[in-house]
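# Descriptive analysis of the structure
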Amino acid sequence: MGRTVIVSHRHDQLSQLIMKKMYDAVAVSNFKLEFQRGDQLCWLPQLSDPVDDEVQELATLIDQSIFIPRKIVMLSMAGTADDASPDQLKHWYGKNAQEYLWAHQYAIKMVDELELPYTIIRALPSKPGNMKAVITEEGQPLHGDGVSEEALAQVIEQVLSTDRYNGQSIGVSTMAEEDQ
């Protein structure tokens, strides 16, 4: 096995929470890296990151690499898999929701075109707390107002540690407190 390479320049605790669970994880802020044999990639872009440009950097990196990642896990916004209405997207992500959606859909399509094992994790916006995560299949609606960083980190760690969700796009939200 190789490392888990986390590509992120987030300002929250998500990368650190994942690194606590993945002893072999290393964090970098961009795709200027060199993969080692057996590495897996965990890409954690922020909502407003230029993911449509960054995915081109990823494709170039993979084309030029001696070793390619054995798996790609990409965090994305909800809505990229017919799982939210335009009104929900505006509520969750603000007035630029549609613009972000198009960029994330393009990046996801490009990750799929790389023809490597991958999982897309479509998550609601981060919010405080440590509530239980709800995993939703592609095309199923997401509900709620957010997902806790702790719950999201647990799902990402599960996806990185198993092949259970390979080739899938899964939604992640948080169960309402009264339902727990």
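Bear in mind the structure is a predicted one, so any value in this text is a computation, not a measurement.

Definitions and limits used
- Residues numbered from 1 in each chain as written.
- Predicted model: local features only at pLDDT ≥ 70, side-chain atom pairs only at ≥ 80, totals over all residues.
- Heavy atoms only, no water.
- Helix = DSSP H or I, 4+ residues; strand = E, 2+ residues; numbered from the N terminus.
- Buried < 20%, exposed > 50% of the residue type's maximum accessible area, 1.4 Å probe, protein only.
- Contact = heavy atoms within 4.5 Å.
- Areas by Shrake-Rupley, 256 points an atom, 1.4 Å probe, with all protein chains shown as cover.
- Polar contact = N/O pair within 3.5 Å; in protein donor to acceptor, adjacent residues only side chain to side chain.
- Axes fitted to C-alpha atoms, helices over the stretch in contact; angles between N-to-C directions.
- Parallel < 35°, antiparallel > 145°, perpendicular 65-115°, else oblique.
- Left-handed = near helix turned anticlockwise from the far one by under 90°.
- Pairing = 2+ DSSP bridges.
- Right-handed = clockwise from strand over helix to strand, strands pointing away.
- Phe/Tyr/Trp six-rings, centres within 6.5 Å; stacked < 30°, edge-to-face > 60°.
- Nonpolar A, V, L, I, M, F, W, Y, C, P; charged D, E, K, R; others polar.

What follows concerns the overall build of the chain. Scanning the chain for helices and strands turns up five helices and nine strands. Listing the helices and strands of the chain from first to last along the sequence gives β-α-β-β-α-β-α-α-β-β-β-β-α-β. The C-alpha extent of the chain, read off along each of the three principal axes, is 50 × 30 × 30 Å. Residues counted as buried form 49% of the 180 residues belonging to the chain. The long-range share in the chain, meaning contacts at least 24 apart out of those at least 6 apart in sequence, stands at 71%. Of the roughly 9200 Å² that the chain leaves accessible, carbon and sulfur atoms contribute 47%.

This part covers the environment of His104. Relative to the helices and strands, His104 is located in helix H4 (residues 97-113). Judged by its relative accessible area of 1%, His104 falls in the buried class. A C-alpha to C-alpha distance of 6.7 Å links His104 and Asp52, two positions 52 residues apart in sequence. Those residues in contact with His104 that lie beyond four places of it in its chain are Gln46, Leu47, Val51, Met74, Ser76, Met77 and Thr80.

Now for the side chain of Ser8. Examined against the element boundaries, Ser8 turns out to sit in the loop between strand S1 (4-7) and helix H1 (14-21). A relative accessible area of 13% means that Ser8 is categorised as buried. A polar side-chain atom of Ser8 sits 3.5 Å from a polar atom in the side chain of Ser15. In this view, Ser8 contacts Ser15, Val28, Ser29 and Leu44; residues no more than four positions away in its chain are not counted.

Where helix H2 (residues 51-64) meets H4, the axes come as close as 8 Å, and the angle between the chain directions of the two elements is 15°. If you check the angle between H2 and H4, you find them roughly parallel. The two elements H2 and H4 cross, and the hand of that crossing is right-handed. Facing H2, whose interface residues are Val51, Asp52, Val55 and Gln56, H4 presents Ala103, His104, Tyr106, Ala107, Met110 and Val111.

This brings us to the pairing of strand S2 (residues 25-28). Looking at chain direction, S1 and S2 are connected through four bridges and run parallel. In the strand pairing of S2, Ile6 is matched with Ala27. Following the backbone out of S1, through H1 and into the adjacent parallel S2, one traces a crossover that is right-handed.

On to the packing of aromatic side chains. Counted under the stated rule, the structure contains two aromatic pairs. Pairing Trp92 with Tyr93 gives two aromatic rings, centres 6.2 Å apart and planes at 75°, and the pair type is edge-to-face. The same class applies to Trp92 and to Tyr93, which are both buried.

A word on the packing of helix H3 (residues 86-93) against H4. As a packed pair, H3 and H4 sit with axes 9 Å apart at the nearest point and diverge in direction by 100°. Comparing the axis directions of H3 and H4 gives the class roughly perpendicular. Across from Leu89, Lys90 and Tyr93 in H3, the residues of H4 making contact are Ala97, Tyr100 and Leu101. Grouping the amino acids of the contact of H3 with H4 by side-chain chemistry returns five nonpolar, no polar and one charged.

What follows deals with the pairing of strand S5 (residues 118-123). Looking along a regular strand, one sees side chains alternate from face to face of the sheet. Within S5, six of the six residues are buried, which leaves the element mostly enclosed by the surrounding structure. Burial of the side chains of S5 extends over both faces: Tyr118, Ile120 and Arg122 are buried on one face and Thr119, Ile121 and Ala123 on the other. Pairing analysis gives six bridges linking strand S4 (residues 72-77) to S5, with the strands arranged parallel. The partner of Met77 across the bridge, within S5, is Ala123.

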